[in-house]
Each structure stands twice: as C-alpha cells, then as structure tokens.
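Working through the structure, step by step
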Amino acid sequence: MSHTHFRFDRRRLLAGTTGAALALGWPASQAQADGRILVIARSDPFKSMDPVRAFEDNSSLLQELAYSTLLTYAWLERPYRLEPDLLERLPERSADGLSYQFTLRRGVMFHDDACFPGGKGRELVADDVLFNLRRFADARLNQESWFLLEDMLVGLDEYRAATLKAPPEADLSGTAVAGLVKQDSHRFTLRLKRENTLFLYAFASPATSIVAPEAAKVDGERLATHPVGTGPYRLKDFERKGVIRWVRHAGYHRSYPAAGGAGDAEAGLLKAAGRRRPFVETLEMPLIEESQPRILKFLRGELDLVNLDRAAIDRMLRRENGRYQLLPEYTQRFTLYQSERLTAMYLWINQKDPLLGRNKALRQAIAHLLDVPGDIETVQRGAAQPLGSIVPLPIAGSERDTGARPAGYDPERAKALLAQAGFPEGRGLAELTVSCGFAAIEWRDRFDFHRARFAAAGVRLKSNFTDQPTFIKSVEASNFQLALYGWVADYPDAENFYQLLIGRNAAPGPNLASFSHPEYNRAYEAARLMAAGPERLVHLRRMNDIVRDEVPLVPLYNSLRVGLRQNWVRNHKYHLLISNAAPYLDLEGPPSRR
Amino acid sequence: MTRFLLRRLGQALAVVFGVALLTFLLFHAFAPDPVRAALGQHANASSVAALRAQWGLDRPLLQQFWLFLSQIIHFDFGRSFVNGDDLATLIGNGAWVSLAVTVPPFVAGLLISVAVALFVAYHRGGRIDRLSRALFVGGMSVSALVYVIVLQYGLAYKLGWFPINGYAGGWAAPHYLLLPWLILLAVSIGPDVRLYRNVLLNEVRADHVRTARAKGASEARVLVRHVLPNAAIPILTNTVSSLPFLILGSLLLERFFSIPGIGDLVVSSLANGDFPVLKAVTVLSALALVAFNLLTDLLYVWADPRVRLA
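Presented here is a report on the structure given in the accompanying data block.

What counts, and at which threshold
Residues numbered from 1 in each chain as written. Chains lettered and ligands numbered in written order. Predicted model: local features only at pLDDT ≥ 70, side-chain atom pairs only at ≥ 80, totals over all residues. Contact = placed C-beta atoms within 7 Å. Helix = DSSP H or I, 4+ residues; strand = E, 2+ residues; numbered from the N terminus. Nonpolar A, V, L, I, M, F, W, Y, C, P; charged D, E, K, R; others polar. Buried ≥ 20, exposed ≤ 12 C-beta atoms within 10 Å, placed from the backbone.

1. Some points on the interface of chain A and chain B
Listed as interface residues are 39 residues of chain A and, on the opposing side, 32 residues of chain B. For the side of chain A that touches chain B, the elements supplying multiple residues, two or more each, are helix 7 (291-299), helix 15 (468-476) and strand 19 (482-488) of chain A. Sort the elements by how many residues they give to the side of chain A that touches chain B and helix 15 of chain A lands first, with 5 residues. For the side of chain A that touches chain B, the per-class residue count stands at 17 nonpolar, 10 polar and 12 charged.

2. Some points on helix 3 (residues 57-66) of chain A
Residues and elements named next belong to chain A. Counting buried positions over the 10 residues of helix 3 gives 8, a clear majority of the element. For helix 3, the full list of buried residues reads Ser59, Ser60, Leu61, Leu62, Gln63, Glu64, Leu65 and Ala66. Elements that come into contact with the buried residues of helix 3 comprise strand 8 (233-238) and strand 9 (243-248).

3. Concerning unusual backbone geometry
Residue and element names in this part refer to chain A. With omega at 0 degrees, the peptide bond leading from arginine 78 into proline 79 counts as cis. Locating proline 79 in the fold gives a position in the loop between strand 2 (71-73) and strand 3 (82-84). Here the bond from alanine 507 into proline 508 is cis, since omega is 15 degrees, no more than 30 degrees from zero. A positive phi angle, close to 60 degrees, is found at aspartate 151, a residue other than glycine. By the element assignment, aspartate 151 lies in the loop between helix 4 (126-137) and helix 5 (156-165). The backbone phi angle of arginine 381 is positive, close to 50 degrees, even though this residue is not glycine. Summarising the element assignment, arginine 381 is placed in the loop between helix 11 (372-378) and strand 16 (384-386). Taking the number of C-beta atoms within 10 Å as the measure of exposure, arginine 381 has 20 and is therefore buried.

Distances and angles like these do not, on their own, reveal function.
Spelled out as structure tokens, the structure:
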C-alpha cells in the first residue's frame, strides 16, 4: 500500500531538469514531457472500471481514462456536439434511417498488457466492437446501462434474453446477432428496429467503451480493477480506497482539438491545438471523501482541481451580479469555473393522489408558493439557476430556446387559486406531505424554507424523509403527494427530459406524477426524433404550456457546478458530458510554484 | 474451569446465532432495497429482477438465512454488492489498517491515563486535582469531530507539521498516522483518567491501604504497590472491553484522513447499501465482543486470585 506524495521533491528535481533542458534549447513541451504529475481527487469510491458493470459517475471518471468510445463530445465546442473517437468519421445513415455504417480509425492500439501475446497491445478491429456490443447486452453482466440500447438494434434484445437464461460461465460471444454486421476488419453496420436518431448518443457513453476481448475472456471479473482498453491513460497501480495512478498511453490516437467555442482562443484554450494527447505523464487520483481535507490539499497546491461545496463557497467566494467571484486573497493563485449542470430538480405532484390529482387550481397554487429564487439564494448560496421548463439550461430545447418562464413565487396569486380550489386561506386543506430521498442537511434546510413560505399562505407541509431506495420504491408505487426528485441527462437532448411526462412512462416508470395528457403525448412523439429547429420548438412550447397549466410537476432549479483550478492548469474548460478532464489538461509554470 | 469454558462457549454460540438472526431480519425488514440503490434512475422491472437473482435476493428468506449462517461458519462472507470485492480480503485488509490507527494511541492512552490518574489521586482534593478535572471534563465535552476538524486545519494545514491526509502501509505509516494518533489520544484520555481516578480513590479508602499507611509506607508507594493492583479489575474490564472496537477503527478519523480501515468501509457501505459488508462487520463485531468478554473473565482470575470461575 502506498499513498505517498513525495511529489514536491520530484517537482523540485524536475525544475532543475526543465531549466537545464531549456538552457540546452530543447522545446519546452519536450522538456516537460516526463515526470509531471496531475493530481485530481476522487470524492467517492468507484464501483467497477468494467464499463458494463457500473454506470455511475465515480466509475465513469476512471473508465474514461482507460477506454475509448466510438463517439465522444467535442471538448471545447458548445452546444455539445458528437464527434468521432474510435471512428474515422461519424456513422453514415442509410436512406431509410434503419442502418448505420461505422468505420473504425486505423492504427488505434490497445494498451500493452499480459493478456496479449508478448504483452504487446494490438490494433483495434471491428470484431472487438461487435464483441463489446454483445457483452454490453449480456444480462449476466449489465443491469445498469442496458437501457441505452434497449429495444433499438435488431436481434440484440433476443440475445440479451438468451444470456439471461444461460449459465453464468457459458460463452455466448460467438452468437450471431442480426443487427450487428461486420463488413471488413475496420467496418461494420448496425441495423435498427425502427428509425431513431438518438441512438448514436449511446456510443458516447462510457458504458459502451471498448474493452480488449482478450482481457474479458481471460478473467472478466478482473476488468473491474484491471482495465485494458485504448484510452488515454493506462492503469499503473490502484488502491480502491487510496490513490489510483495512471500513466500516459504513448500510442493514444487522439490530438487536442483545433476548433473551439467563442472566446476559447482568447482564453488560451487553443494553444495546444493538434498536439497529441494526453500531455501529462502521470495522473494520480487519491480518494478524499470529506470536503475539508480536499479543500485544504487544494489550498496547499497538492490538488490541481477541486469542486466546491456550500461551506467552501461561503469561505472562498463572493457573488457579484449573480455570478461568483473569488475573494481577492485567492485571485492570484486560483481560477474559478462555474457551469450549469445537466440535472434538473422538480417538485413532483402525484396525479393519482385523490386531493391533488383532481384539483388543478390547488396544483397551480402550489407552483406559485414555491419561492425558488429564495431557495437558491438562502439554501444553495446561489449555486443554481431557477428553471422555467423541465429541461436543464445547457441543453438545446431548454427555456433559452423555448422562452418558457417559471410560474414564479406569487403568494397573492396563490391565495386566489387556493380560494378557487375550495380552500380559502388554506382552510379545510389537509396537511400535504413532501417526500424526499436525500439525506444531506441541505434538503432539511430546503424543506424548512418552503414550509415557512407555504405556512404564510395557510398551507401546511410535513416532510417524509427516507433513504433513496425506499423513496424510489414509494414514488414508483405512487405512494406520495409531493416529491422532491430530479433527473440527470443521459444525453444532451431535450427529449431525454420531455419523456419524463409521457403517459407510457407513468410510474413505476420515470413519470413519477403518472401524468397522462393525450396532447402532450402527441407533441412529444412529433418532436422526439425531429432535429433542433423552429418546427421542433413549436412542439416543445406546446408541452411547456401543458405542464405549466396542468402542473404535474414544478420545475425548480438547475444546479451549478462551482470549482477551482490551480493557475498552472492549462486547457481546462468545464465539460458536462466528459467526467474526466485529465486527458485534455496540461501543467505549466515553474514547478517551484506548485 | 473446563465446565466454565464449555458453558461460555455454548453461550457465545447462542449469542452469535441471535445476532446473526437479528441482523438478518433487521436488514430485510428495515434496510433500503440494495437493488434499487444500485440501479438508480434507470431501474426497470427486468433489470431489477435480473440483479435480484444475481445477488440471490429472490430466494426464500429461510434459504438466504441458511446461506448467511454457512458464511459465518466458514468465515466466507461472499462478495460486496457494490464492487464485487471479496469480503474476507476487504475486511482482513481493513482490520489491519484500523488496528494500525487505533492500537498505538490505545496503548499509549492506557499508560498515560493510569499514570495521570495515579498522579491526580495522589493530589486528590488539591489544586492539581481540581485543575485536571476542569481540563479533562472540558476536553470530554468537546465533540470528536471538532478535534478532527480543528487539528487537521491547525496542525496539518496551517503549521504543516503533518500531512493533511493519506495513508501508506509499512514504515511510512507513522508519517500519516501521527496526527490521527494524537487526536485519538486527546479524545480518549479524558474519560479514562476520570474513570481510573475514581476507581483509585475508592481503593484509597480501603482498610489495607490505611494499614499500609499506618505502617509508614510513603504515599507514592501506597498508590503503586497497594492501590493500583487492587484497582486492576475495573481497569482491566475497561481495557479489554475496548479491544473489539479497536478492530472497528474510527469512523471519523478514517473518513477525514482517507485511511482505508474498517470504519471507512462501514461508512461507505452504509451510504451505498452494501449489506453483505454491513452484515459481515456486524457479525464479526459480535464474535469479537463475545471472545473478549470471555478473555476478560479469564483475566480476572489472573488479576485477583480470590476470583474463581465456575
């Protein structure tokens, strides 16, 4: 076991060698190529580095280092755009939209590993991808991310059903699947059951990363802690509860992007354009679960990036015109980053509840009693944006495009609606229960904040705080009145959020409100596969109007990610869909400062 | 003695069976569904059923309990639900790390508390006794969390005397564990000194002590030769009954200092609904408690020849 950090000494040594290198006229990038260590803390333990066995942020953070996916998102460009990763170009769609041809990039190499003959990684070929797609569908391995390709590819669901019945050790990887067609060593075609433009997003998810079949066949269990892929970093050593060390994959196939968004060139984000990634030789990822030591280590320069929680925001930042600013004592040392996340929080209103489901005016009154800006200011120290529609702000189709506005905190309007609902001043209205599956103190604060607001209008609230699984069980059984629960985007398309309220997704599906509105469903089906544009916006606006009128849920807020990076970190731009920035980052400046 | 041992062994088996049954029933009745916890927002009926089957949670309760009992008998608790790690290895490794965290301050704390308690008992009723009471009661009133936060900030970050957190095995361990040891010592010494002082003061008034004084023995000799041996049983009880908790480590310290011990494992498992880990740790803790209680009884005979086991 070793979590030692003698990195300061090494960096001092590095300062000497770098200085000597520069004196000899070597290019700076070459001089700095070795011995540098990027340190990014993990805040929670990971489940598995095997892409099909774990679909959660802490595992994705590592899977993105070891593996590559067929597609990925452009690092700098906004709005988020899919681009080829293991592919030579974006998949080519057939005229009927029912098949896509994929062409693999040539010369992509797996990491060197003992699973290969002679321990030398070989080139990635189409068979590897098809093997991984079958592995992804194997019900004995994948319970968490199967939804990404469920009911999409011809024959794949049947293959999954067969794996479910097969004994644990049975190898079905040779079974033919009609929807997976190999053309030659670097080309294959995927056949769809029906037209679906959204299915390509699945291939940018870490869950569909390509593992070396040799490693999976030798010991599939071992992939959980011994990844063998084509990713930018190769695992050097690991301790589940300690430091995970990675070294640069010298044969990695990707370069730093040459195109960026507005202001990226001015911010110096394009200086590394065209250079082969990753830039930093060694990456260390210690597990630091508590916020205090994470922040202290960052302040001391032992971590390169850190996300801030409420306490750290209070201590290190101030707000100016709704944006955070670093306190003056930190501005010379750190750079602040802040970005809306791809999550949306809602107050769900159960349409099956005998009281709330039948009383639209009461639901509308509730929407006007929610002081979301007050919640954000008081409870979240400003680390969120109020939401006017069901879609988080960075996604195309959000209120930035549709113009949707929140119902807004309006106690007078709420009182009028309460009277209209048959409960003037709240008289005769039973106490309403708010269910919540989050344990953090912030949620208690939030409930107390809103309880006071509601009480002022005569509406009494009581809380039902439980653990997350118990909460999910009860809301899926429609056993609640009001529930605080959010949704995290699976892909950056508004469809992923609007589907939350369609009738066929009613509880136990993700439509917790069990909302069923034929016109909403029609608008959703019309917009689902439509490309972004004015025609789609018409349908999205109609859905927003229905939600605002019927109030099956009240959109609350879109959380912000607020963090700091050391000033010596280069190329950092907060990305909502790439969990681990390390393969893009570079370190600059005299090592003595670090 | 043999009859005593056999009887205590029978009692121990009954206790462990009772703990296993209670643990099993409580987890099934009140704990959140681990399958739902694992699958999150994308749980659909088929995934839930598949994972339930994979983890053996679809079997009849009696069959699951029998499996749990056989795991206890074979000391093989299977694998973690969350990451698939072998629990015997996970708990074995964690226990050694936790012992590295807790044993040195425990031993140092015992020696220091007995010495300080003797010193305070020597000065009973005087200014030193009053000062120590104020100091230790004040120290005991401060939450352990405050010690951790303040000392990590002050001594590790501000003064830079210790690493902020981290852990390494072998010879590098003390470098990382020094601050956690100091904190554990600071937290535990107050209650122990207070307890041992009271125990010693009870003995101070005993007849044989008065006789020793009457024979002209110095106060220091009276305390060390006559009071301390006779106060050994409560000290022994307190010490031995603390031993099982050493293996469990310190939840707070392990968490704040990123030390991969059992305490940290328990906190993570609680957060993730990793019930195989929690069940294994609960039963192993019960086993350790039973074993150390038995050890305490046996040590009584050694400490006090008047005690007879029957």
